[in-house]
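What the coordinates show
Residues per chain, in single letters:
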Amino acid sequence: AFGARSFGTFPPFAMAPKRVLITGAAGQIGYALAPQVCRGAMFGPDQEIILHLLDIPPAETALGGVAMELIDAAYPLVKGIVATVDVDEACKDVDVAVMVGGFPRGPGMERKEVMGKNVAIYKGQASSLEKHAAPDCKVVVVANPANTNALILSNYAPKIPKENVTCLTRLDHNRAP
């Protein structure tokens, strides 16, 4: 007689890996965020990911170092890593985009100068997300001014539903007098 056997538990369906983009991945925040995503802190312990890391050409060597560290760590949820300075390649089929990269305000810089640089950055990245990301891509903007950068991204990526674009503004709240 063939009796019932237990072979462990299986999920009711296999989840495809989520493609997660981190911009500014070679910077301090991106570098700290990537391992957290890889260990499952973003989607839980069962969701596999393919991590897309984007940074600017001057940071390409550092970006390669970040990718090597993540590969060396052998995170079981990581099914692939795309480390690139090409925004179109970075945005290809992504399900979630964490927009950490932006132009920082330096000493003596006017807000207007920073804004002009960030408009160019977010316009280009939004266009690439519009063309290459998954249709239901979720986007969170971290780089300040986050609310303005999110608005720019949303305007230049109209195919991404507005409710799928958000930003982190708590830092500004915490700094307010």
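Shown above is the structure to which this text applies.
What you are looking at is a predicted structure, and each value in this text was computed from that prediction instead of being measured. (Residues numbered from 1 in each chain as written. Predicted model: local features only at pLDDT ≥ 70, side-chain atom pairs only at ≥ 80, totals over all residues. Heavy atoms only, no water.)

1. As for the packing of aromatic side chains
- Within the structure shown, the criterion is met by zero aromatic pairs.
- The positively charged end of K18 is found above the aromatic ring belonging to F43, 5.6 Å away from the centroid.
- Taking NZ or CZ as reference, K117 lies 5.1 Å from the ring centre of F103, over its face. (Phe/Tyr/Trp six-rings, centres within 6.5 Å; stacked < 30°, edge-to-face > 60°. Lys NZ or Arg CZ within 6 Å of the ring centre and 35° of its normal.)

2. Here we look at the side chain of Q125
- Relative to the helices and strands, Q125 is located in helix α4 (residues 111-132).
- Of the residues examined, Q125 reaches a relative accessible area of 11% and is grouped as buried.
- Residues within four places of Q125 in sequence aside, it is in contact with T23, L54, V87, C91 and M99. (Helix = DSSP H or I, 4+ residues; strand = E, 2+ residues; numbered from the N terminus. Buried < 20%, exposed > 50% of the residue type's maximum accessible area, 1.4 Å probe, protein only. Contact = heavy atoms within 4.5 Å.)

3. Thoughts on the packing of α4 against helix α5 (residues 146-156)
- Running from N to C, α4 and α5 cross one another at 40 degrees; their axes reach a closest spacing of 8 Å. Our classification of the angle between α4 and α5 gives oblique. Regarding α4 and α5, the two cross each other, and that crossing is right-handed. Touching M115, N118, V119, Y122, K123, A126, S127, L129 and E130 of α4 are T148, N149, I152, L153 and Y156, all from α5.
- Residues that form the contact of α4 with α5 fall into these classes: eight nonpolar, four polar and two charged. (Axes fitted to C-alpha atoms, helices over the stretch in contact; angles between N-to-C directions. Parallel < 35°, antiparallel > 145°, perpendicular 65-115°, else oblique. Left-handed = near helix turned anticlockwise from the far one by under 90°. Nonpolar A, V, L, I, M, F, W, Y, C, P; charged D, E, K, R; others polar.)

4. Regarding the sheet that holds strand β3 (residues 78-84)
- Taken together, six strands build an open sheet; the order of strands is β3-β2-β1-β4-β5-β6 and the sheet is parallel. Strands at the two margins of the open sheet, each flanked by one partner only, are β3 and β6 (165-167). Direction aside, neighbouring strands of the sheet carry axes that sit 15 degrees apart on average.
- In this structure, strand β2 (residues 49-54) lies alongside β3, joined through six bridges in parallel fashion. Note on β3: the bridge partner recorded for L53 is A83. (Pairing = 2+ DSSP bridges.)

5. Overview of unusual backbone geometry
- The linkage connecting N144 with the following residue, P145, adopts the cis geometry, with an omega of -5 degrees.
- A positive phi angle, close to 50 degrees, is found at A74, a residue other than glycine.
- Relative to the elements of secondary structure, A74 occurs in the loop between α2 (60-73) and β3.
- A residue is classified by how much of its surface remains accessible, and A74, at 56% relative accessible area, is exposed.
- The backbone of D93 sits at a positive phi, close to 65 degrees, despite the residue not being glycine.
- Inspection of the secondary structure assignment puts D93 in the loop between α3 (87-91) and β4 (96-99).
- Judged by its relative accessible area of 37%, D93 falls in the partly exposed class.

6. Digging into the environment of I29
- Among the structural elements, I29 can be located in helix α1 (residues 28-38).
- Accessibility expressed as a relative area gives 52% for I29, which makes it exposed.
- Considering only alpha carbons, one finds I29 and A143, 114 residues apart in sequence, at a separation of 9.8 Å.

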